[in-house]
Amino acid sequence: MLNGLMAKSRVQFVCRECGSVQPRWAGKCPDCGMWNALEEFTPPPGSESGGRFGQLPEAPQAQPIGQLDAGAAPLQRLASGIGELDRVLGGSPGGQGLVPGAAVLVGGSPGIGKSTLMLQAAGAWARQGAGRVLYVTSEESAQQLRLRADRLGVTASSTNGDEQLYVLADTSLLRITEQIRKIQPAVVVIDSIQMIYKQDQSTSAAPGSVGQLRACGQELIVLAKMTGIAMLLVGHVTKQGTLAGPRLLEHMVDTVLYFEGDRYHNHRIVRAIKNRFGATLEVGLFDMTDGGLREVADGAGLLAAEYQPRAGSAVCPVIQGTRCLLVELQALTSTGFLGSAKRKSSGLDTNRLAMLIAVLEKRGGLRLADQDVFVSSVGGMKIAEPAADLALALAIAGAHHNRQLDHGVCCVGEIGLGGEVRHTQQLAQRISEAARLGFSQFLTASTSLKPPKGAKLIAVKTVAEALEHLN
Ligand code: TYD
Ligand code: MG
């Protein structure tokens, strides 16, 4: 009776969306406001004493910061040799790659290429002599994985001829950790974490549930920290992020990589949305081919490669992490209904779009109230930078008036509510990159900068002034 009561009192509820833990069930998560997202779970014994990872074997003592050991050698990263992947994992040029002991979450919608990238990377780390690499496949059989490896040209041996890439087809956490202890790999890939389950008294949650995901994720991350094994966890998210989600793992891991865009494009964009060991918002660009993912050698112009001046189209250089990429933005307007006109965007923020439409109406003299407006970022890359405002506004106005920009024009600038075009950070980097890729005229707020040879800066102070460049 007493046991029953005690067990009952330990039940908690975890939010599928934000991962917060609540003592009692509610229809709406008090932390993130998501409806119907709380699921029952039983925390492992010891964890209710306050520690997120249960009781530590030895209680750590607080120390003055000066007496802390900073580590004798600088961090030795494991480079895969796949440059675009190493770049998103972080590090300075020449020393980029995976940090030993790091936990990395690799998320994305099903079929986008997570398993493909992870298998290629696992083969690459093994080949580079990083040590043993263990690929745990919980969705496919070992044979299926072997076939895929053959197709991708992932070979088994490392430079010294030893077999270094190991494969385990299992879903039980206990058996997986046992194999990890036996093989002692330097890198472990778990594909996917959603299929792993832990079977003991402490976790009564059903396989695939949030409770299991949390328990298994935590145990693997603690293992990574204690042993120095780099742990890559693969997880699916749907477009809405509703699936019993890797979202709740985000705050537990060191690095979160997400595949952006959709599987219907050939390009694959991998973005670091969180990174304790590198720059965030860094992107890696790949092409999906018959032989797996290929890095794009010079990706700076990839997303504007098919750009031709036309009504409803403009190019903007955006800063993504440490580099500058040129992106084509497109817009289309068509007759809608006053009061219920549609505003749809793909890859761009809808609030920003609504603001720009209002500014174009008020300060640019456009009448868009009864027009449906559709905008998209070519290639599916998410653009959050205000520096893209000017290009987007010109794309919308161009679509509406059926006018276009001249050949070789590139736009960069943030637009304020007063219709003013604002200065942009890292303007020199943006302009030199766009000039390198053949753009010669730059619509921007500031002309104080010395442009590269052959390029010309054109000052536009307001949206109305910018619209005069459409013809
Ligand atoms: P996959 O890596 O299995 O996706 P995920 O693990 O994210 O669910 O990739 C599946 C898609 O990639 C599938 O539609 C086929 C395509 N693909 C190729 O085009 N070429 C290849 O060499 C491979 C392995 C997959
Ligand atoms: Mg997969």
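Residues numbered from 1 in each chain as written. Chains lettered and ligands numbered in written order. Predicted model: local features only at pLDDT ≥ 70, side-chain atom pairs only at ≥ 80, totals over all residues. Heavy atoms only, no water.

**A short note on the pattern of salt bridges**
Within this structure, the stated rule accounts for 18 salt bridges. Of the charged contacts in the structure, one is a salt bridge between Glu-84 and Arg-87, with a shortest N-O distance of 3.9 Å. Taken together, the residues Glu-84 and Arg-87, both in helix H2 (residues 83-89) and 3 residues apart, mark about one turn of the helix. Taking the relative accessible area as the measure of exposure, Glu-84 reaches 5% and is therefore buried. For Glu-282, the salt bridge identified is with Arg-87, shortest N-O distance 3.9 Å. Pair noted here: Glu-282 is in the loop between strand E10 (267-275) and strand E11 (283-289) and Arg-87 is in helix H2, with a separation of 195 residues, a long-range link. In this structure, a network of salt bridges that share partners links the residues Arg-352, Asp-389, Glu-414, Glu-420 and Arg-422. (Salt bridge = Lys/Arg side-chain N within 4 Å of Asp/Glu carboxyl O. Helix = DSSP H or I, 4+ residues; strand = E, 2+ residues; numbered from the N terminus. Buried < 20%, exposed > 50% of the residue type's maximum accessible area, 1.4 Å probe, protein only.)

**Focus on unusual backbone geometry**
Ser-192 follows Asp-191 through a cis peptide bond whose omega is 0°. With phi around 55°, Asn-36 is a residue other than glycine that occupies positive phi space. Position of Asn-36 relative to the elements: it lies in the loop between strand E2 (21-22) and strand E3 (38-41). For Asn-36, a relative accessible area of 53% puts it in the exposed group. If you check the backbone angles, Gln-184 has positive phi at about 55° while not being a glycine. When its relative accessible area of 61% is taken as the criterion, Gln-184 is described as exposed.

**Observations regarding the site of ligand 1**
Around ligand 1, the structure places 16 residues, and the nearest of them are Gly-111, Lys-114, Ser-115, Thr-116 and Thr-289. Between an oxygen atom of ligand 1 and a main-chain N or O atom of Gly-113, the distance comes to 3.0 Å. Within the complex, 76% of the 550 Å² of free accessible area of ligand 1 lies under protein. Elements with a minimum of two residues in the shell around ligand 1: helix H3 (114-127), helix H4 (142-152) and E11. Class assignment for the residues of the shell around ligand 1 results in 4 nonpolar, 7 polar and 5 charged. (Near = heavy atom within 4 Å. Polar contact = N/O pair within 3.5 Å; in protein donor to acceptor, adjacent residues only side chain to side chain. Areas by Shrake-Rupley, 256 points an atom, 1.4 Å probe, with all protein chains shown as cover. Nonpolar A, V, L, I, M, F, W, Y, C, P; charged D, E, K, R; others polar.)

**Some thoughts on the environment of Phe-286**
The topology assignment puts Phe-286 in strand E11. A relative accessible area of 1% means that Phe-286 is categorised as buried. Phe-286 sits 11 residues away from Ala-297 along the chain, and the two C-alpha atoms are 8.9 Å apart. Sequence-distant contacts of Phe-286, defined by excluding residues within four places in its chain, comprise Ile-82, Glu-84, Leu-85, Leu-117, Asn-266, His-267, Arg-268, Val-270, Leu-293, Arg-294, Glu-295 and Val-296. (Contact = heavy atoms within 4.5 Å.)

**Remarks on the packing of aromatic side chains**
Applying the stated criterion across every chain, the model contains 1 aromatic pair. The interplanar angle of 35° and the centroid separation of 6.2 Å between the aromatic rings of Tyr-307 and Phe-439 together place this pair among those described as tilted. Linking Tyr-307 in the loop between strand E12 (292-295) and strand E13 (313-320) with Phe-439 in the loop between helix H9 (427-436) and strand E20 (441-444), this pair joins segments that are 132 residues apart in sequence. A residue is classified by how much of its surface remains accessible, and Phe-439, at 11% relative accessible area, is buried. (Phe/Tyr/Trp six-rings, centres within 6.5 Å; stacked < 30°, edge-to-face > 60°.)

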